Every structure is written in structure tokens, then in C-alpha cells.
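# Structural characterization, general
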Amino acid sequence: NGKALVAPILIIVVLAMMVLPLPPMLLDLLFTFNIALAVMVLLTSVNTQKALEFAAFPTVLLVTTLLRLSLNVASSRVVLMEGHTGGGAAGQVIEAFGHFVIGGNYTVGIVVFVILTVINFVVITKGAGRIAEVSARFTLDAMPGKQMAIDADLNAGLIGEEEARKRRSEITQEAEFYGSMDGASKFVRGDAVAGVLIILINLIGGLIVGIVQHGLPFAEAAKNYTLLTIGDGLVAQIPALIISTAAGLIVSRVGTGENIGQQLVKQLVSKPQVLIVTAAILGILGLIPGMPNLIFIVLAAALGGAAHWMTRRAQQAAVVQEKPVEQVVESHEASWKDVALLDTLGLEVGYRLIPLVDQTQDGELLRKIKGIRKKFAQEVGFLPPAVHIRDNLELKPNEYRIKLKGVDVG
């Protein structure tokens, strides 16, 4: 099976990079692949609906960390051996990152790298590790209660043996996932520390090699090796920051059957009142002299327009939802179908409760009624009559009626 060989081959290649010298072109390819892999992991984390959909994430975290460290070792070897030849000694990717961020000022480049490392180490990685640790503890503490709830549903006939087995497996996998995330986050924190040490070693070692071995002037050696060292550090640190963000997203979210984008749109900007108050505050700030008035007022107008559009859309949706009911009442002619048969047990529901009893809409109530009848028959030894369910447009939308021999009992 080719898929089974992917992981061993990748790990062997990663370890080989620490020992074998790599040409600059191959370094460019591997650095680009590392960035692409980090972006793929981030997008996968954003689009998952629950953490277990990306159960391989702790392993991915470890492999990507090992890949970054191997690339750091390989690029450091090239930087120290060929750095005296100029900024392109370790490939175009490192040179481009160095020039783009440094912009001719090496002090700025060092400061930017340190800031990125501090953000990754102190803020994102530490927070994600803490969340994973607490989630692992809470998941383990909640396991007995969840198992008892599954057993209760199974005994009541609400779920089958297969569903119960599936839920138990999910509970076990959830506990293992958060435990693994707690451990894998330590690798990322160690990687952030290693990145700082590697950049210091490359900078000091490069100056010594350039001045002592190759006889370069101090200014030229500082220029070459600082450019290469900062570029090398940024090429590794930016993917590390992306992977750490993905880890934080995975462990910090609450599963609601939606991905992160849907959750944000539905829960953050779905209430017009919030947008209206925010627009009013920005508008007031925009009227204060000395503030960037145009930016505040334009943004306040945009938020106010969005709130107005959402309010109009909600009103139109409410009108559209009410219209079909009037059409159904007017279009139906009386027929023998409207003569209700006398059932031993009957349930009549309003039109808004129809999804609860509709099999095409995965109505939960039908399964519960079947489970209760089965449990009653097993415990009492008597088979209760079937419950005849029908919709009744004479009832209020959220009203229901329970009948026994045609008489209302609930």
C-alpha cells in the first residue's frame, strides 16, 4: 500500500536533511513545501466541524516541527559554508525573505524576528498548550458520566448497539486527542526556543567564519550573514506561527456542527443590534476633532448599512415563512380525507412542529416513540397501541394535542 509508506519515507527524508548537505535549489523547494504544508494545516483546522475530524493533528504537529528543525540545520550548514559568497548562497527563498523584511535595516530584521518568536512562544503556543491540558483533564473527568448516559439511552431503546459502540469510541478518541495535543504543544514551544538559539548561533558563527576563515571586512560579513540568518529564521518561523495558530484553533473551539467561518458569521455578526451599537460608537469617535474622522465615519456607515440590510432580510424571511400557511388553508377543499378516523392513541401537531415527526427531516420524536413502546412492551409484557400522528392546521403553529379514543388528554 503506497499510502502506508508516505509517513516512513517523509520521516527518513527529514532526518537525512540533518546529515546530508543540500543544494540551494533543493532548499528553496523544501522551504516552499514547508510554507504550503503549514497553510494546508491551517485551512484544514478552520474547516473542521469538530476536533476529531482532524485526529491526526498531533502527529502532523510533530512532523512539521521536525521538518522545520531539519531545514534549519540544513540551511545553517549552507549559510556557514557559503555565506561569504553573498546573499544568495542559501537559495532565493531565504534571500527574498531577508530582503523583504529587513529592507536594508538589519536591526529592524532582528527585531521583527524576535517579535514573531515571542508571539509564537509566549502567546499562541503557551495558550494552546494550556487549553489542550485543561481540555484533556476535563474530558477524562467527564468520561464516566458520558458512558453512563450512553448506557441509559441504550437501555431505553433510544439508540442501537452500533450507535452506542460508535459513541463510546468517540469519547475514547476525544480523550486521547486532547492528551496528545497537550504533549505535542511542548514540541512547538521547544521549536520556538530552538529558533532563537539557531539564529544567534548562525549570526555569531557566521561572523567568525567570514572574518577569520575568509578574511572578509566586518561590515561585509555582518551584511551577508545577517541577511542570510534573518531570512533563514523568518522562513522557518512564519510556518511555525501558522501551525501554532492552527493548533490553537483546533483545541479552543466548541463543536456546534459548523466550521469556524460559519460559527463567526452566525454568532458574531448575525445580530443587527450589535452592529447598530458598534456603528453608533464609531460614529461618535469619528466626530471627535483630531481623530481620523473619515475612516471612523465610513466604517460606521458600513456597519449601519449592514445592520439595516440584515433587519430587512429578517423581516422578509418572516413574511415568506407565514405565506405558505395561508395558501395551504385556502387551497384545500374538503374531502373524505378530512374525516378523522378514531385512533386509540393519537397525536396532532401544529405546522411548526412537523419537522419533529417527519422522517424525511430526520424527526427525532418518531424514534423516541418507537423506543418507549419497545421498552414498555419489554417491562410490562403488553404491547401498547401504535400512535397515529397527523398535522392539524386548526392548531396554533407551536401547539400539539394528545388524544385517547378521540378525547383530548394533553
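Residues numbered from 1 in each chain as written. Predicted model: local features only at pLDDT ≥ 70, side-chain atom pairs only at ≥ 80, totals over all residues. Heavy atoms only, no water.

Quick look at the sheet that holds strand β2 (residues 387–391) now. Spatial ordering of the open sheet is given by β2-β1-β3-β4, a layout of four strands whose pairing is mixed. Every other strand in the sheet has two partners, leaving β2 and β4 (407–408) as the edge strands with one partner each. As paired strands, strand β1 (residues 345–349) and β2 are joined by five bridges and run parallel to one another. Within the sheet, the bridge partner assigned to V349 lies in β2 and is D391. (Pairing = 2+ DSSP bridges. Helix = DSSP H or I, 4+ residues; strand = E, 2+ residues; numbered from the N terminus.)

Here the focus is the pattern of salt bridges. Tallying each qualifying case throughout the model produces seven salt bridges. Among the salt bridges present, the one from D151 reaches R168, with a minimum N-O distance of 2.9 Å. With D151 in helix α5 (residues 106–155) and R168 in helix α6 (residues 161–213), the pair connects residues that are 17 residues apart, well separated along the chain. By relative accessible area, R168 is classed as partly exposed at 25%. Across the pair D153 and R167 runs a salt bridge whose closest N-O atoms are separated by 3.5 Å. Of the two residues, D153 sits in helix α5 while R167 sits in helix α6, which places them 14 residues apart along the sequence. Among the charged side chains, a network of salt bridges with common partners joins D153, E163 and R167. (Salt bridge = Lys/Arg side-chain N within 4 Å of Asp/Glu carboxyl O. Buried < 20%, exposed > 50% of the residue type's maximum accessible area, 1.4 Å probe, protein only.)

This paragraph deals with the nonpolar core. In terms of nonpolar packing, the biggest core is built from 21 residues, with M17, L22, L27, F31, L67 and L71 touching the most fellow members. If you list the elements that add at least two residues to this core, you get α1 (2–17), α2 (24–47), α3 (57–82), α4 (92–102), α6 and α7 (218–252). In terms of residue count, α3 provides more of this core than any other element does, five residues in total. Excluding residues within four positions of it along the chain, L71 makes contact with M17, L27, L30, F31 and N34. Judged by nonpolar contacts, the second largest core, of 20 residues, contains A38, A128, A132 and A247. (Core = buried A, V, L, I, M, F, W, Y, C linked by side-chain atoms within 4.5 Å. Contact = heavy atoms within 4.5 Å.)

Another aspect to go through is empty space enclosed by the protein. For the structure on display, the rule yields three cavities of 30 Å³ or more. Taken as a whole, the largest cavity encloses approximately 60 Å³ of empty space. Surrounding the largest cavity, N72, F113, G195, I198, I199, N202, T229, D232, G233, A236 and Q237 form its lining. Those elements that place two or more of their residues in the lining of the largest cavity are α6 and α7. The element that contributes the greatest number of residues to the lining of the largest cavity is α7, accounting for five residues. (1 Å grid on protein atoms, 1.4 Å probe; cavity = no way out; pocket = protein on both sides within 12 Å on 5 of 7 lines; lining within 4 Å. Points joined across faces, edges and corners; volume = space filled by probe spheres on them.)

Any link to function would need more than the numbers given here.
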